[in-house]
Each structure stands twice: as structure tokens, then as C-alpha cells.
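Structural characterization, general
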Amino acid sequence: MPATAPAPPAGTRRRVARVLLDSPLPQLDRLFDYAVPAQWHADAAPGVRVKVPLRSAGRTVEGFIVELADEEPSDRPLSELDTVVSPMPVLTPGLYRLARRAADRAAGGASDILRLAIPKRMVRVEKVWTAAAPPAVPVIAPDTQAWADDVLGVFPRLAPALAANERVAVDAPPHTGPAARRPTEGEEPVEVGAWAHLLVAAAARTLADGRSAIIVVPDHRDQAQVQHVIDAQGLTDAAVPVDARRSGPERYASFLRTLAAAPCIVVGNRSAVYAPVARLGLIAMWDDGDALLAEPLSPGVHARDAALIRQELDDCALLFAGHTRSADVERLVGLGWVHEVTSARRESPRVVLSATREGEARSARVPSAAFASAREALALGPVLVQVSRPGYAPVLVCAECRKPARCLHCAGPLHATRPGAVPECGWCGRAAVGWHCIHCESTRVRMASSGSERTADELGRAFPGVRVIVADGQHPVTQVDARPALVVATRGAEPLAVGGYRAVVLLDGDRMLMADDLRIGEACLRWWSNAAALAAPGAPVHLVGVTGGVARALATWTQPAYARAELADRAPLRMPPSVRVAAVEGTVAAVDTALATLRTDVPALDDEAVLGPLTGPADTDGPASRAFVRFDYSHGGAVTASLRASVVAEALRSRRPVKGRPPGPRNTLRVRVDVPDLDL
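All of these numbers come straight from a predicted model, not from anything done at the bench. (Residues numbered from 1 in each chain as written. Predicted model: local features only at pLDDT ≥ 70, side-chain atom pairs only at ≥ 80, totals over all residues. Heavy atoms only, no water.)

1. Thoughts on helix α18 (residues 636–653)
Under the 1.5 Å per step criterion, the end-to-end length of α18 is 26 Å for 18 residues, consistent within 8% with the ideal 26 Å. When α18 is considered as a whole, its buried residues turn out to be G636, V639, T640, S642, L643, R644, S646, V647, E650 and A651. (Helix = DSSP H or I, 4+ residues; strand = E, 2+ residues; numbered from the N terminus. Expected span 1.5 Å × (residues − 1). Buried < 20%, exposed > 50% of the residue type's maximum accessible area, 1.4 Å probe, protein only.)

2. As for unusual backbone geometry
Each neighbour pair has its own omega, and for S298 with P299 the value is 5°, a cis peptide bond. The topology assignment puts P299 in the loop between β12 (280–286) and α9 (303–314). A cis geometry characterises the amide bond from P576 onward to P577, with omega recorded as 5°. Secondary-structure assignment places P577 in the loop between α16 (559–570) and β27 (580–587). You will see that D287, though not glycine, has its phi angle at about 55°, which is positive. Its location among the elements puts D287 in the loop between β12 and α9. One non-glycine residue, R574, lies in positive phi territory at about 55°.

3. What about the side chain of R519?
You can see R519 is positioned in the loop between α13 (509–513) and α14 (520–532). The exposure class assigned to R519 is buried, which follows from its relative accessible area of 15%. Excluding residues that lie within four positions of it along the chain, R519 makes contacts with A327, D328, R570, P576, P577 and D677. (Contact = heavy atoms within 4.5 Å.)

4. Structural notes on the pattern of salt bridges
Applying the stated criterion to the full structure yields 37 salt bridges. For R365, the salt bridge is made with D508, and the minimal N-O distance between the two is 2.8 Å. Here D508 lies in the loop between β25 (503–506) and α13 and R365 lies in the loop between β15 (350–354) and α11 (368–377), a separation of 143 residues in the sequence. The residue R467 makes a salt bridge to D481 at a minimum N-O spacing of 2.3 Å. Of this pair, R467 sits in the loop between α12 (452–462) and β21 (468–471) while D481 sits in the loop between β22 (479–480) and β23 (485–490), and the two are 14 residues apart along the sequence. Residue classification places D481 among the buried positions, given a relative accessible area of 19%. Through salt bridges with shared partners, a single ionic network connects D288, R304, D328, R519, E522, E566 and R570. (Salt bridge = Lys/Arg side-chain N within 4 Å of Asp/Glu carboxyl O.)

Here is the structure:
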């Protein structure tokens with residue numbers, strides 16, 4: 001048992017630290033009071049890391065002091081702080097409020113949010129930072145301010161809306177351009193998307209007003225484009241990169257910079273939205289529909305939702321930009337919560353819906369119109385060909401019965417890495433030597449799809465003498481020059497071309513739309529729109545073999561209208577984002593109890609709100625059960641509070657018993673709010 005503090009002298013009150021423990025246990029997601037010993041009076045301040053004893057576990061855990069108060073009279077003595085890990089206040093009041101609000105919205109714990117926001121302490125970095133002079137306030141050059149005004153001037157209402165701290169949605173210009181003028185004669189400029197200029201211009205204007213800005217992008221490729229524009233405009237000293245690719249010391253040094261009083265521009269992935277910058281004036285998010293902005297770790301708060309919460313808490317501007325409009329943002333636009341800002345002059349690529357002509361084989365992967373367009377464009381510069389999958393032959397089927405070829409060990413899908421190679425399993429990696437079909441006993445396989453490498457091989461034979469560049473996860477390419485070339489890239493891995501591509505051919509669209517995903521149409525439109533934005537002005541963009549609403553939205557460049565149509569289709573079915581969805585998983589008894597409690601706590605839920613529960617295979621704790629809860633946004637607070645209370649109650653019921661009693665089942669009740677569509 002940890003030692004307790006001695007009783008204070010009569011007439012005096014001791015200082016009490018209210019600590020948030022760094023623990024994933026739901027029953028510990030609250031503030032605990034600890035007495036502050038005299039030796040830690042100078043260092044124990046709100047926001048610092050501490051170690052405290054756990055009375056029930058007989059060990060110490062780390063936590064953060066949230067606030068200090070005077071001890072209230074009580075019959076039960078308080079335990080004392082064990083130690084102050086660091087006198088650096090890393091948990092600001094604003095960051096704690098944000099973590100608490102985001103966790104409550106997702107029925108999770110605040111410590112899980114803070115684990116994403118605050119990196120691990122690096123002692124040497126902290127000592128260097130403490131000894132150094134505080135960073136200076138950045139000064140924006142007049143030419144940079146003029147450049148920012150010109151970029152924002154394309155959207156007449158954008159600058160006033162950002163200055164008024166509004167929430168706005170913008171369709172970014174669909175073209176690319178150099179990040180800056182050539183620094184030396186003959187040096188090739190770095191090509192970036194026009195969207196990067198737009199976001200950096202908004203951040204520069206915010207910085208000129210003495211406030212900080214946060215730019216959130218999906219991945220490191222987008223972050224590199226933003227950084228190129230920042231460097232070109234002389235804002236490098238004011239930029240703070242935040243992403244998981246950096247080393248531990250670099251991440252902690254960047255985090256300490258965001259704690260300084262001097263404003264800055266934070267650029268990073270989804271966790272950058274929690275950066276505790278001083279005087280936040282703008283959160284700019286690029287392509288919020290990208291799956292990389294969805295947090296996979298508990299409690300699974302999407303970066304878009306965290307940005308909306310923070311905008312409300314910090315009273316700053318919020319900018320959603322993209323070549324497409326996600327259904328989530330379009331719902332907010334329809335409600336008037338987010339305002340749409342349009343450009344003074346509408347821009348759109350020249351999209352051609354290509355299909356097989358009369359007399360052509362339906363199996364032709366590249367129609368004659370797209371083939372001829374690519375041949376003409378290769379005389380002028382590079383041509384982009386987008387495919388759905390990497391590799392040579394991602395899918396193999398039996399040559400006789402055409403059933404998918406599966407691994408005989410784990411039933412995983414087989415694929416081929418090159419012509420004539422022994423098939424390999426995509427799950428266990430085993431070579432399928434001596435394979436035979438379990439349906440017809442055939443020993444021969446057939447290629448059912450073409451990946452990036454096989455497409456490059458086929459196009460290389462069709463266009464002899466033309467260099468072919470493969471860009472995918474195994475062959476990363478960020479930029480190609482303006483010389484003629486066939487660039488075969490998977491979705492999301494397309495490199496930028498100097499001056500833009502002279503033609504873009506979008507293949508495998510029908511295969512992409514066949515994916516088992518509620519938002520596959522929205523995702524395909526986003527992939528194709530981002531690729532079309534890489535084309536040079538006036539260059540043709542061929543969408544092969546796709547018709548319907550998605551194709552019309554791309555051809556007419558009316559992505560917000562497609563998002564509105566998606567919302568209209570989902571509303572009668574009560575599918576997200578027209579409603580919120582929570583998944584409740586655990587043992588049969590735990591799930592039934594949680595749902596019964598939810599019905600009592602939130603009587604406004606109708607009979608169709610709960611789907612399930614369904615019983616699955618048994619595990620060590622008995623049969624597993626899963627249910628979905630659909631609820632309106634107005635009931636979100638009550639539903640998440642009830643589900644979180646059920647999780648805590650189940651955790652307390654199944655915690656380790658006292659000595660001499662038989663152990664109960666472990667806590668298996670899990671709740672995930674705003675379930676990703678792939679898990680529905």
C-alpha cells in the first residue's frame with residue numbers, strides 16, 4: 001500500500017493535484033486527487049507529467065496534473081504524488097478541454113486522445129529547449145502578403161470569412177503549378193497542386209495577423225507539397241512539421257515549439273489537429289474524405305470531427321478544401337453550419353467518358369479513343385495511366401472453372417509477381433507449388449486482372465520507344481519531368497508532372513466501383529478527381545468504362561451535387577452520415593445489458609434504432625455478440641454517455657477480484673462510435 005500524507009497542522013490546508021491518469025482502463029477515465037508533498041510544491045503545476053500511486057494495484061502510473069486546488073475536509077486520507085517527471089507543462093488547458101470533448105463524443109477516454117497528441121518525453125531535447133531562447137515572432141514579408149492576397153482573391157468571400165472565424169468549404173482549383181520561381185538558371189521547379197498554394201496562403205494571412213494556423217493533410221506526399229510552398233514563400237522558420245515519420249526527438253522538439261507563445265504554422269497528418277499552438281486562428285484540412293484522416297486507434301475520432309470541436313472551443317476559422325466534397329461536409333453545408341465559398345471563375349478539366357466503339361471487343365481494356373489520345377499526347381509530354389492495383393497480376397483464377405485461386409494452407413488469394421512465376425499467397429506469403437483447384441482439381445491458373453506492372457509491360461509493347469514509369473507503393477515516385485513518358489500509377493500514388501500531364505487515362509473504374517464499401521462511389525470520384533487535377537490545362541482526361549452518376553459528376557465537375565445525391569439516398573435508409581452509428585461488441589450478457597440500459601437512458605430512440613444483436617462464434621468468455629445503434633446527432637450526447645457508462649460498469653464488474661474469490665470474466669464490452677463504413 002502506498003504511504004499516505006500525514007495530517008496537516010490545524011488551521012492549514014494542503015495543495016491537492018487533480019491528475020488524469022495515462023491508462024486505457026475506462027474506470028480510470030476521471031480526475032484523481034493527490035496531495036502535493038512539500039518537495040514538489042515548486043514543480044507541481046497544471047500540465048506537468050507526474051507519477052502517482054494506484055492504491056488498488058500497488059504500483060505507480062504516469063499522468064498529467066490538470067488543476068490544483070485546496071484539500072477539502074475528508075475522513076479518508078489522500079495519497080501523495082510519487083514524483084514530478086518533468087516541470088514542463090505539456091498539457092495546456094485548451095488541449096485538455098479538446099481531449100475531454102472529443103473523447104466524450106466518441107464514448108472514449110481522454111487519455112487515449114492525449115496519447116495521440118502528446119509525444120513521449122525526450123530528456124535531452126527538453127533540456128536543450130529549456131536552455132535556448134524562446135522563438136521569435138515570425139515576420140511576414142510584404143511580397144508574401146501580396147502573394148497570399150492574390151491566391152485568396154480567386155475566392156472573393158474567402159478572406160473575409162476566414163477573418164471572421166467562419167467554417168467554410170472550398171472546391172480547390174484543379175490544376176498544378178510550380179511552388180516558386182526557379183532559384184537558379186536551368187534548375188527545374190518543384191510542381192505542387194494549386195490546393196497547396198491556397199492552404200499556405202490562408203495560413204500566411206493568419207500568421208500575419210499574429211495568430212497560428214494548423215494545416216492537416218492525409219499523408220507525407222501532401223505534406224511535402226505544402227512544405228515546398230512554405231519554403232518558397234520564406235515561411236520555413238515559422239513552420240512546424242508534425243507527423244509519425246519523424247524520429248522521437250524531432251517529434252518532441254516540434255511539440256515543444258507549438259507550446260511557445262510565438263505563432264507558427266503546423267503542418268502534419270491527422271494528429272496535427274491537436275497541436276497546442278498559441279492563439280489558434282485557422283485549421284485548414286485538405287481532402288477530409290481520405291481514409292487516412294480516420295483515426296484507427298481508440299476512441300477513433302476522425303480528424304474532421306476533432307477540427308469541428310476545436311473550432312468551436314478556440315473560436316477560430318475552419319477551412320475544408322478538396323477537389324471533391326465528402327458527404328459529411330456536404331451535410332454540414334446543407335445545415336448551414338459550414339458555408340460554401342465559390343471561386344470567381346469556375347475551372348474544370350476536360351473529361352471524356354470513353355467506351356468501346358462499334359466493332360471493338362468489349363474485353364479491350366483501353367478503347368481506341370483513349371489509345372489515340374494517349375498517342376497524340378506522348379508527342380508533347382508525359383501521359384498518366386491510373387490503375388486500381390499494384391503488382392503484376394493481383395488476382396488469379398482457375399483456368400478451367402474460373403473460381404478465385406486460393407492458397408491451400410490459409411485460403412488467401414493468390415497472385416503472380418511476373419509472367420510464368422509460381423503464384424504466391426497474399427496472406428501467408430507461401431509459394432503455391434503444386435497448386436490445384438479445390439473445385440475442379442485443375443492445376444492451371446489464369447490472370448484475371450492487371451496490376452501496375454503488367455499494365456506497364458503491355459503499354460510498353462504498344463508504345464515502343466517510349467519510356468514507362470511505374471509509380472505505386474513499391475515504386476514511389478513524387479515528380480516526373482516534362483519529357484514524353486507513360487506513367488502507370490495506382491490510385492493515390494500518382495506523381496506530379498512538370499507543366500501537368502498532356503493526357504490522363506483512368507482505367508479499371510468498373511473494378512473500383514465493385515468494392516464492398518458504402519462510400520465506394522464517393523471514394524472513386526475522389527480518386528479520379530485528384531488524378532484529373534494533375535492534367536495540364538485543356539488536356540483530355542479519359543474515364544474508361546464507367547457510366548452513371550459518378551461518371552456524370554466527374555464529367556461535369558459537380559462533385560458537391562453528387563454528395564447531395566448520396567445524402568438523399570442514405571437518409572431514408574438511415575445510413576451514415578445522415579445518422580451516427582455506434583457498434584457495441586462483447587459477450588451476450590454484456591451487450592444485452594448495455595442495450596437495455598441505453599433504452600432506459602435515451603427513451604427517444606425508436607424501435608429501428610438498434611440493429612441486432614447478432615451472436616457470433618464463441619471465445620474464451622462465451623459467445624460473442626454485436627449490435628449497431630443508429631441515432632440522430634441531437635441524441636449523440638445522451639447515447640455516448642450511456643454507452644460509456646456501460647463500458648465502465650462492465651469493466652468494474654470484471655476487474656480482478658479480491659484474494660480468495662474466483663476470477664470473473666475479463667471485460668469484453670467494446671464501443672466504437674462513428675463506425676467506419678468498412679466495418680458496417
